[in-house]
Amino acid sequence: MQRITILGATGSIGVSTLDVLARHPDKYQVYALSAHSRVEQLAAQCAQFQPQRAVVGTADAAARLAALLRERGLRTEVEYGEAALCAIASSEQTDTVMAAIVGAAGLAPALAAARAGKKILLANKEALVMSGQLFMDAVHEHGATLLPIDSEHNAIFQSLPQSYARSPAAAGVAKIVLTASGGPFLKRAVETLEAVTPDEACKHPNWEMGRKISVDSATMMNKGLEVIEAHWLFGAPAALIEVVIHPQSVIHSMVSYVDGSVIAELGNPDMRTPIANALAFPERIASGVAQLDLTAVGTLQFEKPDFARFPCLALAFEALEAGGTAPALLNAANEVAVQAFLEQRIGFRDIDRVIARVMHENEHGAASSIEAVMAQDARARVAAQAIVAGLAR
Ligand code: NAD
Ligand code: MG
C-alpha cells in the first residue's frame, strides 16, 4: 500500500490525482491533503478519502475546516501554514508526495519531501524553475525519487531509457522536443491581444487547468518555464531543447536520438495519464482516460513558435542562459503580473512588459542557497508590484 500526501488537493491536478487514486483503493491510501482556502471542497475530499491530516492556509480556514469535519464526524487532524505543509510532505507515514501547489508557495514543501527522501510526483514546475540546482541536489543527496507530472516532461521521461542519468550525450540524445498547443491566441491578430480578458485567456483549447497556468499557456510563459524545467530534470543545455507548436496536443513531447530515431508519447490530453504513469511507475494502472483514436484525430500539425507573438518564451530562454537567480526573478515577476492581469489591473500584453522590465532592471546573482533564491523572489515581487502600480488602469 502506497501512502500518499497531496499538496494542492483542491486544484486541477489535485482533483485529477484523487480521481486516479479512487480507482485503485487496493494500492493507494491517502495520508494527507492540503488546500489553501477552499475548505468546503477539502472537507468533501476528507469525507471521501479519510486522510489522517489536512492542512490549509490560515488559522481562520483551519477553524472552518475543523467545524465542517466535526459536523461530518470525521477525525482528520487539521493544521495550517507552511510548516504544516512541510510536515505532511516529509512525515515518516507517507511514501509519495504529489507536489501540486501552484507557484513559489509550493517550493518549501516540495523541498521538504526531497530532503526526506520521498517519491515526489512533481507538478509544481515553479519549484524547479526557481531553484533547479538546489532541488536536484537535494533529491540526489537524500535518495529521493523525482517523477515528472507535467505532461511534456512525463512524455520525455517515458521516451528516454529507464537508465537515463541526466546526460543526453551518454544516451545518444540529439534533441528534446517540447510540444506546445500555442494556447487560445495562436492565430488571433497580435494587435488585438492588448484587449483580451482573463476569461478569454483561460479558455485553453485542449486542457482544463488552473487559472494561473492557463494564462501562462496563453502567453507561452508556461512553455518557457517548461524549457527550464526540462533543463534541470534531464540535464540538457538550452541548445538541446526545442519548442514546437502542435495545436492538437496529442504528441505530448518527444526525444530525437543521434541515429535519427524519434520517440514520442501520445495520448488524449488528460492529466490523469501522466499522474497514473508516475504513481504506478514502473508498472501501469488504469487512469480513466479514453484510449487515443488517431483516426478520429485525423491530422497532426506542427509549426515553429513565433517569438514576437510570444515574448515570454524568449524571456524564459534568456533567464535560463543567464542562470543563477535569473529564473527566480522571471518566475516571481510572472506570478505578480499574471495575478494583476487576472484581477484586471493590467492588460494581457502588460504581462510580458512587467517581466521584461523586472528582468532587465534588477540584478541577479548566484543561486547558492534557498535563502538567496527566496530573497531574489521577494525583491522581484516588490519590483514587479511597483511596475504594475505604474501601469494599473
Ligand atoms: P490550481 O490553481 O487548480 O490549484 C492550485 C492548488 O494549490 C490548490 O489546491 C490551492 O489550494 C493550492 N494553493 C494555491 N495557492 C497556495 C498557497 N499560497 N499555499 C498553499 N497552497 C496553495 O492549479 P493547477 O492547475 O492544479 O496547477 C498546480 C501546479 O501544477 C502548477 O504548478 C502548474 O503549473 C502545474 N501543472 C498543472 C497542469 C494542469 O493541467 N492543471 C499541468 C502541468 C503542470
Ligand atoms: Mg505542461
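Structure shown above.
Conventions used here
- Residues numbered from 1 in each chain as written.
- Chains lettered and ligands numbered in written order.
- Predicted model: local features only at pLDDT ≥ 70, side-chain atom pairs only at ≥ 80, totals over all residues.
- Heavy atoms only, no water.
- Buried < 20%, exposed > 50% of the residue type's maximum accessible area, 1.4 Å probe, protein only.
- Helix = DSSP H or I, 4+ residues; strand = E, 2+ residues; numbered from the N terminus.
- Pairing = 2+ DSSP bridges.
- Right-handed = clockwise from strand over helix to strand, strands pointing away.
- Phe/Tyr/Trp six-rings, centres within 6.5 Å; stacked < 30°, edge-to-face > 60°.
- Near = heavy atom within 4 Å.
- Polar contact = N/O pair within 3.5 Å; in protein donor to acceptor, adjacent residues only side chain to side chain.
- Domains from an automatic or database assignment.
- Core = buried A, V, L, I, M, F, W, Y, C linked by side-chain atoms within 4.5 Å.
- Contact = heavy atoms within 4.5 Å.
- Axes fitted to C-alpha atoms, helices over the stretch in contact; angles between N-to-C directions.

1. Comments concerning the pairing of strand E5 (residues 96-99)
Next up, step 1: The two faces of E5 match: Thr96 and Met98 on one face and Val97 and Ala99 on the other face are all buried.
Next up, step 2: Summarising the sheet, strand E1 (residues 2-7) and E5 pair through four bridges and their orientation is parallel. Paired with Ile6 across the strands is Met98, a residue of E5.
Next up, step 3: This β-α-β element, E5 to helix H5 (residues 107-115) to strand E6 (residues 119-122), shows right-handed connectivity.

2. Some words on the packing of aromatic side chains
Next up, step 1: Here the structure, examined in full by the defined rule, presents four aromatic pairs.
Next up, step 2: Plain terms: the ring middles of Phe185 and Phe348 are 5.2 Å apart, the flat faces sit at 85° to each other, and that makes the pair edge-to-face. Here the residue Phe185 occupies a position in the loop between strand E8 (173-180) and helix H8 (198-201), and Phe348 occupies one in the loop between helix H14 (326-342) and helix H15 (350-361), the gap between them amounting to 163 residues.
Next up, step 3: The class of Phe185 is buried, set by a relative accessible area of 3%.
Next up, step 4: For Phe348, a relative accessible area of 4% gives the class buried.

3. Examining the site of ligand 1
Next up, step 1: Within the structure, ligand 1 sits among 21 residues, and Thr10, Ser12, His36, Glu126 and Gly210 are positioned closest to it.
Next up, step 2: Measuring from an oxygen atom of ligand 1, one finds a backbone N or O atom of Ala123 at 3.4 Å.
Next up, step 3: For the shell around ligand 1, the two domains that each supply at least three residues are domain 1 (2-148) and domain 2 (156-266).

4. Some details on the nonpolar core
Next up, step 1: Counting residues in hydrophobic clusters, the biggest one holds 95 residues, and the most contacted among them are Ile120, Phe135, Leu330, Phe348, Ile355 and Val358.
Next up, step 2: With eleven residues, the single largest contributor to this core is H14.
Next up, step 3: For Ile120, the residues in contact, after removing those within four places along its chain, are Val97, Ala99, Ala110, Ala113, Ala114, Phe135, Ala144, Thr145, Leu146 and Leu147.
Next up, step 4: Ile6, Ala43, Ala280 and Ile285 belong to the second-largest nonpolar core, a separate cluster that totals 38 residues.

5. Considering the sheet that holds strand E11 (residues 262-266)
Next up, step 1: One open sheet holds the four strands; their spatial order is E9-E8-E10-E11, and the pairing between them is mixed. Two strands lie at the open edges of the sheet, namely strand E9 (241-245) and E11, each paired on one side alone. Pairwise comparison of adjacent strand axes, ignoring direction, gives a mean angle of 20° for this sheet.
Next up, step 2: Direction of pairing for E8 relative to strand E10 (residues 251-257): antiparallel, over a ladder of four bridges. Looking across to E10, one finds that Val173 is bridged to Tyr257.
Next up, step 3: Contacts from helix H10 (residues 221-234) reach E8 and E9, with the element oriented near 150° to E8.

Note that every value here comes from positions in space, so none of it alone points to a role or purpose.
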